[in-house]
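Analysis of the macromolecular model
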Amino acid sequence: MLALRIVIERYIVWITFLFVCTILISVALYQGSVQSPDTARYISWGDLLIYHQFNYYRFYADTEFFTPSFFYTLPVTLFAILKLAMNDQWIVGYQITNLVALFFTLFLYIKIAYHLEIRKWLIAFSLLVFLASIDFLLWPRYILTDTLYVLLVMLAIFAVVTRINKDCSSRILITALLLLLLVTRPSSIPYIAVLLFFAYLPSLSQKMLVNKKLFIRLGICVLLSSVFYSIIIMANASGFIESDTINYWNKYVEEGNVIDGRPETYIIYEATYLGTVKLYLCRMVGFFTPFAKGYSLFHNTLNGLLLLGCYIIILAMFRYSFSEFEQNNSRANAIALLSTLIFFVAIFTSTILIDYDWRYRYPVIAPLILLTTLIFDNYLNSREGKSNYSAKQYL
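A brief structural summary. (Residues numbered from 1 in each chain as written. Predicted model: local features only at pLDDT ≥ 70, side-chain atom pairs only at ≥ 80, totals over all residues. Heavy atoms only, no water.)

**Describing the nonpolar core**
Generally speaking, a soluble globular protein has its nonpolar side chains buried in company with each other. One finds F130, F136, I157 and L181 to be the most contacted residues of the largest nonpolar core, which totals 123 residues. Ranked by residue count, the leading element in this core is helix α8 (residues 146-163), at 13 residues. (Core = buried A, V, L, I, M, F, W, Y, C linked by side-chain atoms within 4.5 Å. Buried < 20%, exposed > 50% of the residue type's maximum accessible area, 1.4 Å probe, protein only. Helix = DSSP H or I, 4+ residues; strand = E, 2+ residues; numbered from the N terminus.)

Structure, rendered in structure tokens:
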């Protein structure tokens, strides 16, 4: 029994990791794969890429869509390769790809947490929190880009957090990962901008954001974004700026659309600068809200436990994030990076449109759980008064 206890204490993180992966993968396999209208587009584009014999120049020229097909290059290529390699069984291949992506997303989560020297028992507990994530229970079974994209986001975060300023090759790796993000989804702009800023301008990012006033500064960014958005929308409405993209945004603005396809969230839109700012800020709140009228009690309960739990811990314990002994190390930089990334994704999504099922929140769920875990670990450090704390010495 003593030997078993030692083994469990030593390998508690990896035991929990295997348990959580088993549950999430089993749920996805039990429920089966699901296709959506976006899946049909990827299928047709994959066939078109095969038809053009992987000549991307011809492929891009032969596709007509609101967003250039260049920004979907990676998933379309994967669809095409799987269709060639597996014929009618390609959907099985894509589902396996999603499950492998899920496995390595959690694996990278652990590697980042270890690098940041978070307590082992706390890492293990935070892994269990993923079982309360509707996103991780839902999206891996969809034949879409989402779960693959979540893996790429975590891989890029891992590269920035663990290899920043090490050597030239690390920056080449980070750049390559960001290019992969770019050709996977058009909504990659905030991820690329934030990760580039922290990877290539570490001194400036530390000076500006590794600070107890981080949330105040991010809040100012939100207000400035809402004002800038209002100016663009009003200029387009008056005919001063002509753009198909902004026309598309304006259609949803005029509806008072907060969460797309959920009329209960819509507001009465006033076609003024202040009215547009109000709509934008409602979307920001909507991005973070855990509840939806159309969700089941089970769905709302899990979302509430996860998201509200994270928000409460972050807000209650954030003051421990940049204490004197945490000021200039990788933990403080990671808190600034994760917080900034989550806020800028929310800012960007509020500019475009918040999807019916909050799909674009899925890639920031793992960073949110990691941020919460790290801040709580900082709180424990402060309580224990261990300025030279090392997780390796703790256990």
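The discussion continues.
**Observations concerning helix α16 (residues 330-352)**
With 23 residues, α16 ought to run about 33 Å at 1.5 Å a step, and its terminal C-alpha atoms sit 33 Å apart, in line with that. Across the 23 residues that make up α16, a large majority, 18, are buried. (Expected span 1.5 Å × (residues − 1).)

**With respect to unusual backbone geometry**
The backbone phi angle of E117 is positive, close to 60 degrees, even though this residue is not glycine. Relative to the helices and strands, E117 is located in the loop between α5 (90-115) and α6 (120-129). You can call E117 partly exposed: its relative accessible area is 26%. One non-glycine residue, W358, lies in positive phi territory at about 55 degrees.

**Points about a nonpolar patch on the surface**
A cluster of nonpolar side chains, namely F19, I23, W121, F125 and L128, defines an oily patch on the protein surface of about 480 Å² accessible area. The set of elements that each furnish at least two residues to the nonpolar patch consists of α1 (2-31) and α6. Ranked by residues supplied to the nonpolar patch, first place goes to α6 with three residues. With respect to the helices and strands, F125 occurs in helix α6. (Patch = residues over 30% accessible without salt bridge, like charges linked within 9 Å, V, L, I, M, F, W, Y side chains within 5 Å. Areas by Shrake-Rupley, 256 points an atom, 1.4 Å probe, with all protein chains shown as cover. Salt bridge = Lys/Arg side-chain N within 4 Å of Asp/Glu carboxyl O.)

**Re the layout of surface pockets**
Of the volumes computed, that of the largest pocket is approximately 920 Å³. The wall of the largest pocket is formed by 34 residues, among which T67, Y72, P186, I352 and Y360 lie closest to the centre. Only α2 (37-51), α13 (244-255) and α16 provide two or more residues apiece to the lining of the largest pocket. Per-class residue counts for the lining of the largest pocket are 21 nonpolar, seven polar and six charged. (1 Å grid on protein atoms, 1.4 Å probe; cavity = no way out; pocket = protein on both sides within 12 Å on 5 of 7 lines; lining within 4 Å. Points joined across faces, edges and corners; volume = space filled by probe spheres on them. Nonpolar A, V, L, I, M, F, W, Y, C, P; charged D, E, K, R; others polar.)

**Section: empty space enclosed by the protein**
With a probe scaled to a water molecule rolled over the atoms, the places where space remains empty come into view. This model, assessed by the stated rule, comprises three cavities of 30 Å³ or more. By volume, the largest cavity is sized at about 60 Å³. In this structure, the largest cavity is lined by Y149, R185, S187, P190, Y191, V345, F348, T349, Y360 and P363. Those elements giving two or more residues to the lining of the largest cavity turn out to be α10 (189-200) and α16. A per-class count over the lining of the largest cavity returns seven nonpolar, two polar and one charged.

**Notes on the pattern of salt bridges**
Inspection of every chain in the model, using the stated rule, returns eight salt bridges. Note that K83 is salt-bridged to D47, the shortest N-O span being 2.6 Å. Highlighted residues: K83 in helix α4 (residues 73-86) and D47 in helix α2, separated in sequence by 36 residues. Residue classification places D47 among the partly exposed positions, given a relative accessible area of 36%. Among the charged side chains, a network of salt bridges with common partners joins D38, R41, D146, R185 and R359.

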